Amino acid sequence: MPKKYNNLKNESSSYLKQHSRNPVDWYPWGNEALLKAKSENKIIILSIGYSTCHWCHVMERECFENKEIAHFMNRYFISIKVDREERPDIDNLYMEAIQYMGLQGGWPLNVFLMPNKKPFYGGTYFTPNNWLAILKNIVDISESNKNEIIKSSNIFTNDLKKSHEEKFINNNEHYIKTLVNEIKIKFDYDFGGMMRSPKFPMPTLWNSLLFYSIKNDDREIFNHVQKTIDSIIEGGIYDQIRGGFSRYSTDQKWTIPHFEKMIYDNGQLLELLSNLYKITHEDRYKEVIEETIDWLSKEMRNDNGGFYSAVDADTDEEEGKFYVWNIHEIKEVLGKDYKIAKNLYKINEEGNWDGKIILLRNLKHKISSKKIKSLKNSLLNHRNKRKKPFIDKKIISSWNGIVLIGLLNCYQSTKIKKYLDLAKSNAIFIKEKLIIKNKIKRVFESNINGFLDDYAFIINAFIKYYETTQDFTFLNISRNLMEYTIKHFYSKKDKMFFYSGSYNEKLLTKKIQIFDDVIPSSNSIMYYNLLYLGKIYNDSLYNNIYNDMSQ
């Protein structure tokens, strides 16, 4: 007998659809679920993730497909699923709540809310036993000591409502040099990046340090940025035979990736690589740019020029299955060329990940580009016979803006025309499909309104497009979008932009995003946009807001 659908059946999100046949009676975020929680006076389980999230898949299999657990959730709770990529406002708010609780954030994000949406407890991945124990414990406490839960939820909600002014912003030169010195202390001089694992590429940080090193003639920092990028493109975090970067490395040496690929990482890394190539003219950066753009254009793009969001880490419920090799397979595919490939790809016949082989790259091993291409094609043709991981074909406005910026930077650095052609196709797609009367959609073919990062990155990308092509159409669109953003997002009191606009759903509080994460903060991008458009148009309003944000 086929499984019954729950309330996610008709949702457009791939992530929500993945959970539509769970025995958990999931609801999408909305009035139906929130009113039901109030009318039945039930605690809400808010579970947030995304379609290519490995640990989201694991918890689904272990907990949300478990009939005993599902029955308990259905009896005592109202369970709501949210796609963080569609609703980053909800994700940002409750992720911050988890951090106020002293807990580590991540996905899946599972937060317990009172019927009034105030959070009191949560976490990320839970094993089945732990999850069921927590559910039972919360039911017991809610029946025996509900006032304590209410008190906790009020405290955490008050924390969420703190103004950004209680944090700090400081752009003076002395502070920046102090900050850079503090960052240098944490450099991993052996393997590049920072002294930690897992290791994220963090292109925003390395781009900033690259410009700092040039401006201040700091050779130590420049060398470390270059070592970091070389280590990344030699590592397993880079797909050596197809191009494209995984989200992060699970180890200190960049060897073992978490295999999912996100286009926002790849767009930012293209920008960083293009800047490094512009300075060094080293062919290895140009080669990685070429391969990554080829992957984006052929596998991550719709017919109209929009870019899909992500590739799953898992195939058939096994992480990295599509990407890893065994030694017999490699030898059979390459034949007499195996010896060359062994050195080129640092192949350890015993494997470098649980007996499996993740291909690396030896940049010091010099062979002809023609031979390298032949080896890659042989391996890629064989790999393409495997079942491919799931691609989330959701097209997100801000992430397309990030990729467009990366493509334009690559064209400016290399003058390769096909990069500009791809950028033009994407810019036209954004203009025609994602913007309606200066109002940006968050996701193509959905009714979700855009957030500040959608406006910030598209304005920034269209400024870059104008710089590259001198096409005033896109500069004028940038200005129109800026007018709209000021009207609907700007807070005169805080002298910053809210993440949610006046037309977005009102949550517990409106947040102001000022700190960079894996993506630069939307206010930092708006800061640059105001500076540029203020000068181009000699606009006093833009200049005044820019100056106020500088204080």
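Details of the structure are given in the entry above.
All of these numbers come straight from a predicted model, not from anything done at the bench. (Residues numbered from 1 in each chain as written. Predicted model: local features only at pLDDT ≥ 70, side-chain atom pairs only at ≥ 80, totals over all residues. Heavy atoms only, no water.)

Peer 1: Got a minute to help me understand the pairing of strand S5 (residues 119-123) in this structure?
Peer 2: Working note: regular strand, side chains alternate between the two faces of the sheet. Counting buried positions over the five residues of S5 gives four, a clear majority of the element. Bridging between strand S4 (residues 109-113) and S5 involves four bridges; their strand directions are antiparallel. Within S5, the position partnered with Asn110 by the bridge is Gly123. Hairpin remark: S4 followed by S5, antiparallel, with five residues in the connecting loop; positive phi at Lys117, about 80 degrees. (Buried < 20%, exposed > 50% of the residue type's maximum accessible area, 1.4 Å probe, protein only. Helix = DSSP H or I, 4+ residues; strand = E, 2+ residues; numbered from the N terminus. Pairing = 2+ DSSP bridges.)

Peer 1: Can you help me understand helix H16 (residues 397-414) in this one?
Peer 2: Since one α-helical turn is 3.6 residues long, residues separated by three or four positions face the same way. Look at H16: 26 Å from first C-alpha to last across 18 residues, which is about the 26 Å you get at 1.5 Å a residue. Burial analysis of H16 places 17 of its 18 residues in the buried class, which makes it a mostly covered element. Positive phi shows up at Lys415, right after H16, with a value of about 60 degrees. (Expected span 1.5 Å × (residues − 1).)

Peer 1: What is the right way to look at the state of the cysteines in this model?
Peer 2: In protein chemistry, a disulfide is the covalent bond that joins the sulfur atoms of two cysteines. Scanning the model with the defined rule gives one disulfide in all. Put simply, Cys53 and Cys56 are joined by a disulfide, and their sulfur atoms are 2.4 Å apart. The sign of the S-S torsion, about 80 degrees, decides the handedness of the disulfide formed by Cys53 and Cys56: right-handed. Of the two residues, Cys53 and Cys56, both sit in the buried class. As a non-bridged cysteine, Cys63 has Cys56 as the owner of its nearest cysteine sulfur, 12 Å distant. (Disulfide = S-S within 2.5 Å.)

Peer 1: So what exactly am I meant to see when it comes to the sheet that holds strand S12 (residues 391-392) here?
Peer 2: In any sheet, the strands associate via hydrogen bonds between backbone groups, in a parallel or an antiparallel arrangement. Within the open sheet, the three strands sit side by side as S8-S9-S12. Their pairing is antiparallel. Across the chains shown, the open sheet's two edge strands, defined by having one partner strand only, are strand S8 (261-262) and S12. Taken together, the two bridges between strand S9 (residues 310-311) and S12 define a ladder with antiparallel strand orientation. Note on S12: the bridge partner recorded for Val311 is Ile391.

Peer 1: What should I look at first to understand the nonpolar core in this one?
Peer 2: Grouped burial of nonpolar side chains is what soluble globular proteins tend to show. Phe112, Trp131, Leu135 and Phe497 are the most contacted members of the largest nonpolar core, which totals 139 residues. Broken down by element, this core gets its largest block of residues, eleven residues, from helix H18 (residues 452-469). Every residue in contact with Phe497, bar those within four places of it in the chain, is listed here: Leu452, Thr485, Ile486, Phe489, Tyr490, Ile512, Asn523, Met526, Leu530, Ile545 and Met549. (Core = buried A, V, L, I, M, F, W, Y, C linked by side-chain atoms within 4.5 Å. Contact = heavy atoms within 4.5 Å.)

Peer 1: Any chance you could explain the environment of Ser425 here in plain terms?
Peer 2: Along the chain, the position of Ser425 falls in helix H17 (residues 417-434). Through-space distance from the C-alpha of Ser425 to that of Gly305 is 5.1 Å; in sequence the pair is 120 residues apart. In contact with Ser425, other than residues within four places in its own chain, are Arg301, Asn304 and Gly305. At a separation of 3.1 Å, a polar atom in the side chain of Ser425 contacts the side chain of Arg301. (Polar contact = N/O pair within 3.5 Å; in protein donor to acceptor, adjacent residues only side chain to side chain.)

Peer 1: How should I be thinking about unusual backbone geometry in this particular structure?
Peer 2: Glycine aside, negative phi is the norm for most residues, and most peptide bonds take the trans geometry. Residue Trp107 is joined to Pro108 through a cis peptide bond whose omega torsion reads 5 degrees. Mapping Pro108 onto the fold places it in the loop between helix H5 (88-100) and S4. For the bond from Ser197 to Pro198, the omega torsion is 0 degrees, close enough to zero to count as cis. Phi angles above zero are rare outside glycine, and Lys415 is one such case at about 60 degrees. Relative to the helices and strands, Lys415 is located in the loop between H16 and H17. The class for Lys415 is exposed, based on a relative accessible area of 57%. Phi at Gln470 is positive, roughly 60 degrees, even though this residue is not glycine.

Peer 1: For this particular structure, what's the right way to read the pattern of salt bridges?
Peer 2: Should their charged atoms come close, side chains of opposite charge can pair. As enumerated under the stated definition, the model contains 38 salt bridges in all. The partner of Asp91 in a salt bridge is Arg84, and the shortest N-O contact between them spans 3.2 Å. In terms of burial, Asp91 and Arg84 fall into one category: buried. A salt bridge links Arg284 to Glu282, with the nearest nitrogen and oxygen atoms 3.1 Å apart. Ionic contacts of the salt-bridge type, sharing partners, join the residues Asp83, Glu85, Asp392 and Lys394 into one network. (Salt bridge = Lys/Arg side-chain N within 4 Å of Asp/Glu carboxyl O.)

Peer 1: Explain the pairing of strand S2 (residues 43-49) here, please?
Peer 2: Most of S2 is tucked away: seven of the seven residues are buried. A two-sided burial pattern is seen for S2, the buried positions comprising Ile43, Ile45, Ser47 and Gly49 on one face and Ile44, Leu46 and Ile48 on the other. Across seven bridges, the pairing between S2 and strand S3 (residues 77-83) is parallel. The residue bridging Ser47 from the neighbouring strand is Lys81, located in S3.

Peer 1: Looking at this model, I keep getting lost on the packing of H16 against H18. Mind explaining?
Peer 2: Packed helices, taken two at a time, are described by the angle between their axes plus the distance between the axes. Taken N-terminus to C-terminus, the directions of H16 and H18 make an angle of 25 degrees; their axes are 8 Å apart at the nearest point. When the axis of H16 is compared with that of H18, the two are roughly parallel. At the point where H16 passes H18, the crossing takes the left-handed sense. Residue-level inspection shows Ser397, Ser398, Gly401, Ile402, Leu404, Ile405, Leu408, Asn409, Tyr411 and Gln412 of H16 in contact with H18, the latter providing Asp453, Asp454, Phe457, Ile458, Asn460, Ala461, Phe462, Lys464, Tyr465 and Thr468. (Axes fitted to C-alpha atoms, helices over the stretch in contact; angles between N-to-C directions. Parallel < 35°, antiparallel > 145°, perpendicular 65-115°, else oblique. Left-handed = near helix turned anticlockwise from the far one by under 90°.)

Peer 1: Looking at this structure, how should I read the environment of Asn302?
Peer 2: Structurally, Asn302 is set in the loop between helix H12 (283-299) and S9. What makes Asn302 buried here is its relative accessible area of 12%. Excluding anything up to four places from it in sequence, Asn302 contacts Tyr308, Ile395, Phe429 and Phe444. Among the polar contacts made by the side chain of Asn302, one reaches the main-chain amide nitrogen of Gly305 at a distance of 2.9 Å. Here the side chain of Asn302 touches Gly306 through a polar contact of 2.7 Å, landing on its backbone nitrogen.

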